[in-house]
Amino acid sequence: MLLASASNVPGADIVVAPWEWALFVGFVALLILADLFLFHREAHEISLKEAAVSTAAWVVIGLGFGLFCWWWLGGSAATQYFTGYVIEKSLSVDNVFVWAVILGYFAVPRANQHRVLFWGIFGALVLRAIFIFTGVALLQRFEVLLLVFGAFLVFTGWRVGTHDETEIHPERNPALKLVRRVMPVTAEFHGTRFTVVQAGKRYATPMLVVLVLIEATDVVFAVDSIPAILAISRSQFIVFSSNAFAILGLRSLYFMLAGAQDKLVHLNKGLGVILAYVGVKMLLSWWGVHIATPHLAGPHRRGTRGDRDRLAASRGEIHS
């Protein structure tokens, strides 16, 4: 019965060893360092062509890792990864437009925008890791949170899908008030520097203020996206890797879509449908109604935790 119950939880049987986690984190770190020090070492204005090429490259990397998961962990894990990747990528489009408002409000020079978004994405990865590990641990300990997350996603989907775009006021953000309260802020930019020393006193530059606001908005969007992906998979590795590759390409996507908000008139409705569907899926799973996800057929290069438990039970090694 325990094995049958665990089998209904997607991703619960996916096992990733600590050394495999270390290799993955090292690979992501290598990509981040290459992006910063190899391709964007000098601050410059990102052209539409460069943004398109970078976006395509990040998409190829993200999809390529999904194929690697298919070879490495099997078709079920790959399906969960691709589903999580698409959901996170879709929900992040709204985040891109909020960035455009923040960068425009503070008149960040276009040559400096990539640098502040780079560190914003880096911080987002750290925050997402905390949210994901905390979320999975809470769901494992308190199954009733399925109802809470599901109801929240349905409400959020309705709110996003039925409400018109509201004007964003960065100056009202509590994070901005906090920065100004902690340390003084210069009136002008100092290249890509986040702090400067003037007359023996440390000052924050507008770049630091923008970075803090970007991190604050990511926290808000993570509240929607993380529960949505936890409905797809409970594997911390699948959830984090799909999140990581989806948001790593957001900088390039920003430079492609920042001026296209008015043309995407049905974006909110589409995002609302995605959130509501995932919320309903999570609510139904509480009552034992599981909406099956078609799995990719693939090689089974390794056994999952469930496979090993069933094998042990067949040998008489598990008696309860």
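Residues numbered from 1 in each chain as written. Predicted model: local features only at pLDDT ≥ 70, side-chain atom pairs only at ≥ 80, totals over all residues. Heavy atoms only, no water.

A. Representation of the pattern of salt bridges. Scanning the model with the defined rule gives 3 salt bridges in all. For Arg251, the salt bridge goes to Asp35, with nearest N and O atoms at 2.6 Å. Pair noted here: Arg251 is in helix H10 (residues 250–257) and Asp35 is in helix H2 (residues 18–39), with a separation of 216 residues, a long-range link. Taken as a pair, Arg251 and Asp35 share a single burial class, namely buried. (Salt bridge = Lys/Arg side-chain N within 4 Å of Asp/Glu carboxyl O. Helix = DSSP H or I, 4+ residues; strand = E, 2+ residues; numbered from the N terminus. Buried < 20%, exposed > 50% of the residue type's maximum accessible area, 1.4 Å probe, protein only.)

B. Examining the pairing of strand S1 (residues 195–198) more closely. Looking at chain direction, S1 and strand S2 (residues 201–204) are connected through 4 bridges and run antiparallel. Bridging from a neighbouring strand, Thr195 pairs with Ala204 of S2. (Pairing = 2+ DSSP bridges.)

C. Quick look at the environment of Glu88. Residue position: Glu88 is located in helix H4 (residues 75–105). Sequence-wise, Glu88 and Ala222 are 134 residues apart; in three dimensions their C-alpha atoms are separated by 9.4 Å. Apart from residues lying up to four places away in sequence, Glu88 is in contact with Arg128, Ser225, Ile229, Asn243, Ala246 and Ile247. A distance of 2.8 Å separates the side chain of Glu88 from the side chain of Arg128, its partner in a polar contact. (Contact = heavy atoms within 4.5 Å. Polar contact = N/O pair within 3.5 Å; in protein donor to acceptor, adjacent residues only side chain to side chain.)

D. Focus on the packing of H4 against H10. Their axes nearest at 10 Å, the elements H4 and H10 cross at an angle of 70 degrees. Between H4 and H10, the angle is such that the two are roughly perpendicular. Considering the relative orientation of H4 and H10, their crossing is right-handed. Here Ser92, Val93, Val96, Phe97, Trp99, Ala100 and Leu103 of H4 come into contact with H10, specifically with Leu250, Arg251, Leu253, Tyr254 and Leu257. For the contact of H4 with H10, the class distribution of residues is 10 nonpolar, 1 polar and 1 charged. (Axes fitted to C-alpha atoms, helices over the stretch in contact; angles between N-to-C directions. Parallel < 35°, antiparallel > 145°, perpendicular 65-115°, else oblique. Left-handed = near helix turned anticlockwise from the far one by under 90°. Nonpolar A, V, L, I, M, F, W, Y, C, P; charged D, E, K, R; others polar.)

E. Molecular detail of helix H3 (residues 48–73). Here H3 is 26 residues long and its end C-alpha atoms lie 37 Å apart, about the 38 Å a rise of 1.5 Å per residue gives. For H3, the complete set of buried residues consists of Ala51, Ser54, Thr55, Trp58, Gly62, Phe65, Gly66, Cys69, Trp72 and Leu73. (Expected span 1.5 Å × (residues − 1).)

All we've got here are geometric facts, nothing functional implied.
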